[in-house]
Amino acid sequence: MFTAYVEHPTDCSFEGQDNDEKILLLLRAHPITNLKWIIPAVLLFLVPFFVPLVFQFLHLDLSTIPQTFEIVFLIINYLLVLIITFEGFLNWYFNVYIVTEKNLVDIDFHSLLFKNIDVAPLRNIEDTASSMGGILNSIFHYGNVFIQTAGASRNIDFHSVPRPHHVADFILDEAHKIYGRGRDAYHHPD
Amino acid sequence: MPTTTPTDTLDFEITMMLLKVAILIILVFYAIFALIVVRQVDLMSKTLITKVSPILKAFSIIHAGFAIGLIVLAWGIL
């Protein structure tokens with residue numbers, strides 16, 4: 001349910017999916033990429049524990065602030081922790097890359113209300129490439145997959161996905177299957 | 001022996017009043033943000049339909065309700 005690499009996922013569909021279209025691969029960014037919001041959330045969570053120490057260090061008297069204000073500040077702090085965590089999770093969970101029997105689908109939510117969906121038919125795929133560089137990438141085995149499509153259509157990139165080389169190979173294999181089917185379809189040996 | 005003059009008390013009250021207004025403004029913006037998040041989750045759930053979507057939707061609605069309730073609470077206790 002919360003994995004970054006799912007082959008033949010069940011109980012999952014996407015907007016614009018045809019009735020006869022099956023999802024072969026569902027990808028998300030590697031979970032380790034969530035550290036970029038987990039670390040600030042943890043630090044913010046710890047802030048109230050250090051406030052008395054900071055006040056003491058600055059020779060300020062915390063008791064002059066009414067207790068009701070302290071409570072409200074505390075609530076606001078933990079609300080911020082909550083919203084950072086929730087937004088981080090939403091962005092990770094819903095930014096997905098999908099490989100179906102027919103298409104490649106890249107669903108992106110950039111900001112609060114900005115949605116971008118790129119769809120490329122598998123038959124238009126010409127080339128795939130994968131790259132993996134950096135310490136975290138090497139340790140946790142994730143990287144980018146670049147998919148070149150034919151014609152003027154936009155290329156599709158999968159960012160920070162697990163097993164990038166395998167994914168690139170998987171997509172190319174599926175494209176070859178489609179291409180093979182297409183060639184046979186137009187082959188008329190009289 | 002330190003004494004509190006009426007001017008000091010007035011200054012403190014004005015500071016607290018300004019702080020209260022600032023907190024309420026922050027909470028109003030937070031509540032608006034929470035409502036946008038509800039819409040965002042709705043949009044996301046319609047784009048990628050999974051078993052988790054209804055739970056996330058419910059959570060975002062509860063969160064927005066809490067954010068609105070907090071304005072009332074802060075107005076009352078501050």
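For every chain, the first residue of its written sequence is number 1, and the numbers climb from 1 along that sequence. Chain A is the first chain written and ligand 1 is the first ligand written, with later ones labelled in order. A pLDDT threshold of at least 70 governs which residues receive local features in this predicted model, and a stricter bar of 80 or more applies before side-chain atom pairs are shown or counted, although totals over entire chains, interfaces and linings include all residues.

### What to know about the overall build of chain B
Helical segments are the DSSP runs of H or I of at least four residues, strand segments are the runs of E of at least two, and each set is numbered from the N terminus. Scanning chain B from N- to C-terminus turns up 2 helices and 1 strand. Going residue by residue from the N terminus, the α and β elements of chain B occur as α-β-α. The globule rule is 2.2 Å times the number of residues to the power 0.38, and the radius of gyration it is compared with is taken over C-alpha atoms. Here the C-alpha radius of gyration of chain B, 20 Å, is well above what a compact globule of 78 residues would show, namely 12 Å. Principal-axis analysis of the C-alpha atoms gives chain B an extent of 70 × 20 × 15 Å.

### Concerning the sheet that holds strand β8 (residues 142-149) of chain A
Residue and element names in this part refer to chain A. Two strands are counted as paired when DSSP detects at least two bridges linking them. Strand order in the open sheet formed by 3 strands is β7-β8-β9, and the pairing between neighbours is antiparallel. Strand pairing shows two members of the sheet lacking a second neighbour, β7 (125-131) and β9 (156-162), which therefore form its edges. Averaged over all pairs of adjacent strands, the angle between their axes in this sheet comes to 20°, without regard to strand direction. Pairing of β8 with β9 involves 5 bridges; the strand directions are antiparallel. Opposite Gly143, over in β9, you have Val161 as the bridge partner. Comment: axis = line fitted to C-alpha atoms, over the contacting stretch for helices; angle = value between 0 and 180 degrees taken between N-to-C directions.

### Thoughts on the environment of Phe109 of chain A
Inspection of the secondary structure assignment puts Phe109 of chain A in strand β5 (residues 103-109). A C-alpha to C-alpha distance of 6.8 Å links Phe109 of chain A and Asn91 of chain A, two positions 18 residues apart in sequence. With C-beta atoms placed from the backbone, a contact is any residue pair whose C-beta atoms sit within 7 Å. Each residue touching Phe109 of chain A, except ones within four places of it in the same chain, is listed here: Asn91, Phe94, Asn95, Phe114 and Lys115 of chain A together with Met44 of chain B.

### A few points about the UniProt feature "transmembrane region" (unreviewed entry) in chain B
Feature annotation in UniProt assigns "transmembrane region" (unreviewed entry) to the following positions: residues 17-38 and 58-77 of chain B. Across residues 58-77 of chain B one finds 100% helix and 0% strand; the C-alpha atoms that close the span lie 28 Å apart. UniProt positions are given in the numbering used here, feature names are shortened, and annotations may be inferred rather than shown by experiment.

### Concerning the packing of helix α1 (residues 35-57) of chain A against helix α2 (residues 67-94) of chain A
All names here are of chain A. In contact at an axis separation of 9 Å, α1 and α2 are set at 170° when each is read in the N-to-C sense. With respect to their mutual orientation, α1 and α2 come out roughly antiparallel. Only Leu74, Asn77, Leu80, Val81, Ile84, Thr85 and Gly88 of α2 make contact with α1, whose side of the interface consists of Trp37, Pro40, Ala41, Leu44, Phe45, Val47 and Pro48. Residue composition of the contact of α1 with α2, grouped by class: 11 nonpolar, 3 polar and no charged. The cut-offs work like this: below 35 degrees is roughly parallel, past 145 is roughly antiparallel, 65 to 115 is roughly perpendicular, and the gaps in between are oblique. We call Asp, Glu, Lys and Arg charged. Ala, Val, Leu, Ile, Met, Phe, Trp, Tyr, Cys and Pro are nonpolar, and the rest, Gly among them, are polar.

### Observations regarding the sheet that holds β5 of chain A
All names here are of chain A. If you trace the 5 strands from one edge of the open sheet to the other, you get β1-β3-β4-β5-β6, paired in antiparallel fashion. Strand pairing shows two members of the sheet lacking a second neighbour, β1 (5-7) and β6 (115-121), which therefore form its edges. With strand direction ignored, the average angle separating the axes of adjacent strands in the sheet is 10°. Pairing of strand β3 (residues 23-27) with strand β4 (residues 96-100) involves 4 bridges; the strand directions are antiparallel. Across the sheet, Ile23 pairs through a bridge with Thr100, a residue of β4.

### Structural notes on the domain arrangement of chain A
Each domain's extent is set by a domain assignment, obtained either automatically or from a database. The assigned domain composition of chain A is domain 1 (5-29 + 95-185) and domain 2 (36-90). Once you take the C-alpha centre of each, domain 1 of chain A and domain 2 of chain A turn out to be 40 Å apart.

### Regarding the nonpolar core
Core membership is restricted to buried Ala, Val, Leu, Ile, Met, Phe, Trp, Tyr and Cys residues, and these are joined into a nonpolar core through C-beta atoms within 7 Å. Residue burial is a threshold on neighbouring C-beta atoms within 10 Å of the residue's own C-beta, all placed from the backbone, with 20 or more meaning buried, 12 or fewer meaning exposed, and counts in between meaning partly exposed. Among the nonpolar cores identified, the biggest contains 37 residues, and Leu27, Val96, Ile98, Leu104, Val161, Val167 and Ile171 of chain A are the most heavily contacted of them. Among the elements that take part in this core, helix α1 (residues 6-47) of chain B stands out by supplying 6 residues, more than any other. The contact partners of Leu104 of chain A, leaving out residues within four places of it in the chain, are Val99, Ala120, Leu122, Ile147, Ile156 and Ile171 of chain A.

### Brief notes about the interface of chain A and chain B
Tallying the contact residues gives 21 residues for chain A and 22 residues for chain B. Elements that contribute at least two residues to the side of chain A that touches chain B include exactly β2 (13-14), α2 and β5 of chain A. Here the side of chain A that touches chain B takes 8 residues from α2 of chain A, the largest share from any one element. Of the residues contributing to the side of chain A that touches chain B, the split by class is 16 nonpolar, 2 polar and 3 charged.

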